[in-house]
Amino acid sequence: MYRPYEGTNLSQRDFQLCGLVVPEEPATPATRGGRHRFASREDAMAEQHYQADMETIGKLFTAKALAIVGATPDLTKLGSSAIVAMHNLGYKGEIYAVNPRYNELMGHPCVASIAELPDHVEAAMLNIPAEAAIGAVEECARKGIRSIVLVAQGFGEAGEAGK
(Lines give C-alpha, C1' and ligand atoms only; values in the text may rest on other atoms or scores of the structure.)
Protein backbone atom coordinates (compact mmCIF):
# COMPACT_ATOMS: atom_id res chain seq x y z
CA MET A 1 0.00 0.00 0.00
CA TYR A 2 1.22 3.48 -0.80
CA ARG A 3 1.79 5.43 2.39
CA PRO A 4 2.12 9.10 1.45
CA TYR A 5 3.64 10.03 4.78
CA GLU A 6 6.62 7.68 4.33
CA GLY A 7 9.73 9.52 3.25
CA THR A 8 8.50 12.71 4.93
CA ASN A 9 8.73 13.96 8.48
CA LEU A 10 4.97 13.33 8.80
CA SER A 11 3.10 10.51 10.49
CA GLN A 12 -0.20 8.84 9.78
CA ARG A 13 -1.62 10.87 12.68
CA ASP A 14 -0.47 14.12 11.02
CA PHE A 15 -2.39 13.19 7.90
CA GLN A 16 -5.48 12.39 9.97
CA LEU A 17 -5.25 15.79 11.71
CA CYS A 18 -5.59 17.38 8.28
CA GLY A 19 -8.71 15.34 7.59
CA LEU A 20 -6.92 12.81 5.39
CA VAL A 21 -7.83 9.23 6.22
CA VAL A 22 -4.96 6.79 5.85
CA PRO A 23 -5.67 3.32 7.27
CA GLU A 24 -3.00 1.69 9.46
CA GLU A 25 -3.09 -1.53 7.44
CA PRO A 26 -4.34 -1.99 3.90
CA ALA A 27 -7.26 -4.23 3.03
CA THR A 28 -5.79 -7.61 2.15
CA PRO A 29 -7.10 -9.22 -1.01
CA ALA A 30 -7.05 -13.00 -1.29
CA THR A 31 -4.06 -14.27 -3.25
CA ARG A 32 -4.40 -17.13 -5.70
CA GLY A 33 -1.73 -18.15 -8.18
CA GLY A 34 0.41 -15.12 -7.30
CA ARG A 35 -2.37 -12.69 -8.27
CA HIS A 36 -4.49 -10.63 -5.96
CA ARG A 37 -8.21 -11.36 -5.92
CA PHE A 38 -10.72 -8.92 -4.53
CA ALA A 39 -14.20 -9.86 -3.40
CA SER A 40 -15.66 -7.92 -6.31
CA ARG A 41 -14.70 -5.78 -9.25
CA GLU A 42 -16.01 -2.77 -7.31
CA ASP A 43 -13.62 -3.55 -4.42
CA ALA A 44 -10.70 -3.78 -6.83
CA MET A 45 -11.67 -0.49 -8.49
CA ALA A 46 -12.12 1.21 -5.10
CA GLU A 47 -8.64 0.08 -4.03
CA GLN A 48 -7.15 1.32 -7.31
CA HIS A 49 -8.79 4.73 -6.88
CA TYR A 50 -7.71 4.88 -3.24
CA GLN A 51 -4.09 4.16 -4.21
CA ALA A 52 -4.18 6.91 -6.86
CA ASP A 53 -5.71 9.37 -4.36
CA MET A 54 -3.06 8.61 -1.73
CA GLU A 55 -0.26 9.01 -4.27
CA THR A 56 -1.63 12.41 -5.34
CA ILE A 57 -2.03 13.60 -1.75
CA GLY A 58 1.46 12.34 -0.92
CA LYS A 59 2.91 14.39 -3.78
CA LEU A 60 1.64 17.53 -2.07
CA PHE A 61 4.04 16.86 0.78
CA THR A 62 7.04 15.89 -1.34
CA ALA A 63 6.73 18.59 -4.02
CA LYS A 64 9.51 21.17 -4.05
CA ALA A 65 6.93 23.87 -4.78
CA LEU A 66 3.19 23.85 -4.13
CA ALA A 67 0.39 26.21 -5.18
CA ILE A 68 -2.63 26.88 -2.98
CA VAL A 69 -5.34 28.15 -5.34
CA GLY A 70 -8.13 30.08 -3.63
CA ALA A 71 -5.88 30.99 -0.71
CA THR A 72 -7.14 33.67 1.64
CA PRO A 73 -5.90 35.32 4.85
CA ASP A 74 -9.35 34.80 6.44
CA LEU A 75 -8.79 32.00 8.94
CA THR A 76 -12.50 31.17 8.96
CA LYS A 77 -12.39 30.08 5.30
CA LEU A 78 -11.19 26.88 3.66
CA GLY A 79 -8.66 28.78 1.54
CA SER A 80 -6.53 29.56 4.58
CA SER A 81 -6.65 26.10 6.14
CA ALA A 82 -4.45 24.57 3.42
CA ILE A 83 -1.58 26.97 4.12
CA VAL A 84 -1.99 26.56 7.88
CA ALA A 85 -2.06 22.75 7.54
CA MET A 86 1.08 22.67 5.41
CA HIS A 87 2.86 24.82 8.02
CA ASN A 88 1.62 22.66 10.90
CA LEU A 89 2.78 19.50 9.13
CA GLY A 90 6.26 20.90 8.60
CA TYR A 91 6.14 21.20 4.81
CA LYS A 92 9.62 22.31 3.69
CA GLY A 93 8.96 23.27 0.06
CA GLU A 94 7.96 26.61 -1.39
CA ILE A 95 4.31 27.64 -1.12
CA TYR A 96 2.72 29.97 -3.64
CA ALA A 97 -0.75 31.37 -2.99
CA VAL A 98 -3.08 32.13 -5.89
CA ASN A 99 -5.60 34.92 -5.35
CA PRO A 100 -5.88 38.08 -7.48
CA ARG A 101 -6.56 40.28 -4.43
CA TYR A 102 -3.19 39.84 -2.70
CA ASN A 103 0.56 40.08 -3.38
CA GLU A 104 1.49 38.05 -0.29
CA LEU A 105 -0.39 35.70 2.03
CA MET A 106 0.87 34.45 5.37
CA GLY A 107 4.45 35.21 4.33
CA HIS A 108 4.18 33.49 0.94
CA PRO A 109 4.21 35.09 -2.50
CA CYS A 110 0.76 35.40 -4.03
CA VAL A 111 0.02 35.57 -7.76
CA ALA A 112 -3.23 36.52 -9.49
CA SER A 113 -3.67 33.34 -11.54
CA ILE A 114 -2.38 29.82 -12.08
CA ALA A 115 -0.74 31.00 -15.33
CA GLU A 116 1.45 33.38 -13.30
CA LEU A 117 2.91 30.62 -11.10
CA PRO A 118 6.61 29.83 -11.52
CA ASP A 119 7.34 26.89 -13.82
CA HIS A 120 8.83 24.75 -11.04
CA VAL A 121 5.53 24.38 -9.14
CA GLU A 122 4.84 20.62 -9.07
CA ALA A 123 1.55 20.31 -7.21
CA ALA A 124 -1.57 22.32 -6.47
CA MET A 125 -4.36 22.27 -3.95
CA LEU A 126 -7.47 23.89 -5.39
CA ASN A 127 -9.85 25.35 -2.79
CA ILE A 128 -12.41 26.82 -5.14
CA PRO A 129 -16.14 26.82 -5.95
CA ALA A 130 -17.43 24.03 -8.20
CA GLU A 131 -18.09 26.36 -11.13
CA ALA A 132 -14.36 27.25 -11.28
CA ALA A 133 -13.05 23.70 -10.81
CA ILE A 134 -12.81 22.47 -14.41
CA GLY A 135 -11.18 25.67 -15.64
CA ALA A 136 -8.63 25.60 -12.81
CA VAL A 137 -7.71 21.97 -13.47
CA GLU A 138 -7.26 22.78 -17.17
CA GLU A 139 -5.04 25.77 -16.26
CA CYS A 140 -2.91 23.54 -14.04
CA ALA A 141 -2.51 21.06 -16.90
CA ARG A 142 -1.41 23.86 -19.27
CA LYS A 143 1.10 25.01 -16.64
CA GLY A 144 2.51 21.48 -16.31
CA ILE A 145 1.17 20.85 -12.80
CA ARG A 146 0.33 17.15 -12.73
CA SER A 147 -0.53 16.55 -9.09
CA ILE A 148 -3.78 18.22 -8.07
CA VAL A 149 -5.98 17.88 -5.02
CA LEU A 150 -9.36 19.49 -5.62
CA VAL A 151 -11.39 20.66 -2.62
CA ALA A 152 -14.48 22.16 -4.21
CA GLN A 153 -17.87 23.06 -2.84
CA GLY A 154 -21.10 23.39 -4.75
CA PHE A 155 -21.40 20.05 -6.52
CA GLY A 156 -24.05 17.48 -5.53
CA GLU A 157 -24.12 18.56 -1.87
CA ALA A 158 -25.45 21.92 -3.04
CA GLY A 159 -28.65 20.36 -4.36
CA GLU A 160 -29.94 20.23 -7.92
CA ALA A 161 -27.86 23.21 -9.03
CA GLY A 162 -24.63 21.34 -8.25
CA LYS A 163 -25.47 18.11 -10.05
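These numbers were taken from a predicted model, which means no experiment stands behind them.

## Notes on the overall build of the chain
And step 1. When helices and strands are counted, the chain shows four helices and eight strands.
And step 2. Secondary structure elements in the chain, listed N-terminal to C-terminal, are α-β-β-α-β-α-β-β-β-β-α-β.
And step 3. Within the chain, the proportion of its 163 residues that are buried is 37%.
And step 4. For the chain, the share of sequence-separated contacts (at least 6 apart) that also reach a separation of at least 24 residues comes to 60%.
And step 5. Surface summary for the chain: the accessible area is close to 9,700 Å², and the carbon and sulfur share equals 52%.

## Some words on the confidence of the model for the chain
And step 1. Confidence in the prediction for the chain averages 76 pLDDT; 61% of positions are at 70 or higher.
And step 2. Here residues 16-35 is a poorly scored stretch, pLDDT under 50, and it has 30 contacts once near neighbours within four places are set aside; other chains count.

## Thoughts on the layout of surface pockets
And step 1. Approximately 350 Å³ is the volume attributed to the largest pocket.
And step 2. Counting residues per element, the ones that place at least two in the lining of the largest pocket are α3 (78-88), β7 (123-129), α4 (130-143) and β8 (147-153).
And step 3. Residues belonging to the lining of the largest pocket are distributed by class as follows: 12 nonpolar, six polar and two charged.

## As for α4
Given 3.6 residues per turn, any residue in an α-helix points the same way as the ones three and four places further on.
And step 1. The first and last C-alpha atoms of α4 sit 20 Å apart over 14 residues, in line with the 20 Å expected at 1.5 Å per residue.
And step 2. Among the residues making up α4, those that are buried are A130, A133, A136, C140 and K143. Along the axis of α4, the buried residues cluster in a sector spanning 100 degrees; they form a single face. Set apart from the buried face of α4 by more than 90 degrees, the exposed residues are E131, I134 and R142.
And step 3. Close packing links the buried residues of α4 with β7 and β8.

## Describing the environment of M106
And step 1. Here M106 shows up in the loop between β5 (104-105) and β6 (108-111).
And step 2. For M106, a relative accessible area of 32% corresponds to the partly exposed category.
And step 3. When the C-alpha positions of M106 and V84 are compared, they lie 8.8 Å apart, and in sequence the two are 22 residues distant.
And step 4. Beyond its immediate chain neighbours, meaning those up to four positions away, M106 contacts T72, P73, L75, S80, I83, V84 and H87.

## As for the environment of P100
And step 1. Mapped onto the secondary structure, P100 falls in the loop between β4 (94-98) and β5.
And step 2. Judged by relative accessible area, P100 falls into the exposed class, the value being 65%.
And step 3. Separated by 12 residues in sequence, P100 and A112 place their C-alpha atoms 3.7 Å apart.
And step 4. Ignoring sequence-local partners within four residues, the contact set of P100 consists of V111 and A112.

## Things to note about α3
And step 1. All of the buried residues along α3 are G79, S80, A82, I83, A85 and M86.
And step 2. One or two residues past the end of α3 sits G90, with phi positive at roughly 80 degrees.

## Let's talk about the pattern of salt bridges
And step 1. Counted according to the given criterion, the structure contains one salt bridge.
And step 2. When the shortest N-O distance is used, the salt bridge between D119 and K143 registers 3.0 Å. Here the residue D119 occupies a position in the loop between β6 and β7, and K143 occupies one in helix α4, the gap between them amounting to 24 residues.
And step 3. Judged by its relative accessible area of 65%, D119 is exposed.

## With respect to the side chain of T72
And step 1. Along the chain, the position of T72 falls in the loop between β3 (65-69) and α3.
And step 2. The class for T72 is buried, based on a relative accessible area of 12%.
And step 3. A distance of 3.2 Å separates a polar side-chain atom of T72 from the backbone nitrogen of D74.
And step 4. Among residues more than four places away in sequence, those in contact with T72 are K77, G79, S80, N99, Y102, L105 and M106.

Rules used in this analysis
- Residues numbered from 1 in each chain as written.
- Predicted model: local features only at pLDDT ≥ 70, side-chain atom pairs only at ≥ 80, totals over all residues.
- Heavy atoms only, no water.
- Helix = DSSP H or I, 4+ residues; strand = E, 2+ residues; numbered from the N terminus.
- Buried < 20%, exposed > 50% of the residue type's maximum accessible area, 1.4 Å probe, protein only.
- Contact = heavy atoms within 4.5 Å.
- Areas by Shrake-Rupley, 256 points an atom, 1.4 Å probe, with all protein chains shown as cover.
- pLDDT = per-residue confidence, 0-100.
- 1 Å grid on protein atoms, 1.4 Å probe; cavity = no way out; pocket = protein on both sides within 12 Å on 5 of 7 lines; lining within 4 Å.
- Points joined across faces, edges and corners; volume = space filled by probe spheres on them.
- Nonpolar A, V, L, I, M, F, W, Y, C, P; charged D, E, K, R; others polar.
- Expected span 1.5 Å × (residues − 1).
- Arc of directions from axis to C-beta.
- Salt bridge = Lys/Arg side-chain N within 4 Å of Asp/Glu carboxyl O.
- Polar contact = N/O pair within 3.5 Å; in protein donor to acceptor, adjacent residues only side chain to side chain.

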